[in-house]
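Single-letter residue listing:
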Amino acid sequence: MSNPILRQILNQLQQMDKRFDSIDGHLGKIDHRFDAMEERLGAVESRLDTVDRTLNAIEEQTKNIPLLQQAVLETLTITKHLEASHSVSERKVTTELNTHQHSIDILNRRQLRMEADIETLKSR
């Protein structure tokens, strides 16, 4: 083979080597981007795990809410019954007190009349 042909082959090989170096550089950049994407994806997965744990904790804390609501409603019903019963009892006691007060007033009047009668009898 002649020198010019060898030089041309060498030149072509050098150009191909430059192209391969360029391609290798581009692949390195792509590889670097993939590494960065994997890191970001790992961070996203970590955040999702945190969100899952938080949601599980919230679910655990709120699963008793229907039972609490039922207990509050039952307590409210009982309280209403107690209030109604208390009102009835209070009215009865008030009525009895008024009756007793009236009876005491009658007895006081009788006693005053008797004392007056006794004083009248003593004065004769």
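Residues numbered from 1 in each chain as written. Predicted model: local features only at pLDDT ≥ 70, side-chain atom pairs only at ≥ 80, totals over all residues. Heavy atoms only, no water.

Which parts of the structure should I look at to understand the overall build of the protein?
The secondary structure content of the protein amounts to two helices and zero strands. Radius of gyration (C-alpha) of the protein: 52 Å, far over the 14 Å computed for a compact globule of 124 residues. Per-residue burial over the protein gives 0% buried out of 124 residues. By element, 59% of the accessible surface of the protein is carried by carbon and sulfur atoms, the whole surface being about 12000 Å². (Helix = DSSP H or I, 4+ residues; strand = E, 2+ residues; numbered from the N terminus. Rg over C-alpha atoms; globule rule 2.2 N^0.38 Å. Buried < 20%, exposed > 50% of the residue type's maximum accessible area, 1.4 Å probe, protein only. Areas by Shrake-Rupley, 256 points an atom, 1.4 Å probe, with all protein chains shown as cover.)

Help me understand a nonpolar patch on the surface in this model?
A grouping of Ile 5, Leu 6, Ile 9, Leu 13, Met 16, Phe 20, Ile 23, Leu 27, Ile 30 and Phe 34 is seen on the molecular surface, where their side chains present a nonpolar patch of about 940 Å² in accessible area. The class for Ile 23 is partly exposed, based on a relative accessible area of 45%. (Patch = residues over 30% accessible without salt bridge, like charges linked within 9 Å, V, L, I, M, F, W, Y side chains within 5 Å. Salt bridge = Lys/Arg side-chain N within 4 Å of Asp/Glu carboxyl O.)

Is there a simple way to explain the environment of His 102 in this structure?
Among the structural elements, His 102 can be located in helix α2 (residues 65-123). Each C-alpha atom of the pair His 102 and Gln 69 lies 49 Å from the other, and the pair is 33 residues apart in sequence.

I would appreciate a short explanation of the pattern of salt bridges in the present structure.
One pass over the full model with this rule turns up one salt bridge. With a closest N to O distance of 3.2 Å, Glu 60 and Lys 63 form a salt bridge. Residue classification places Glu 60 among the partly exposed positions, given a relative accessible area of 48%.

Which parts of the structure should I look at to understand the environment of Arg 113?
Position of Arg 113 relative to the elements: it lies in helix α2. A relative accessible area of 55% places Arg 113 in the exposed class. Expressed as a C-alpha distance, the spacing of Arg 113 and Glu 60, which sit 53 residues apart in the sequence, is 79 Å.

How do you make sense of a negative patch on the surface when you look at a structure like this?
Taken together, Asp 31, Asp 35, Glu 38 and Glu 39 make up a surface patch of like negative charges. Within the fold, Glu 39 resides in helix α1 (residues 3-62). Overall, the relative accessible area of 63% leaves Glu 39 in the exposed class. (Lys, Arg positive; Asp, Glu negative; His and termini not counted. Charge placed at Lys NZ, Arg CZ, Asp CG, Glu CD.)

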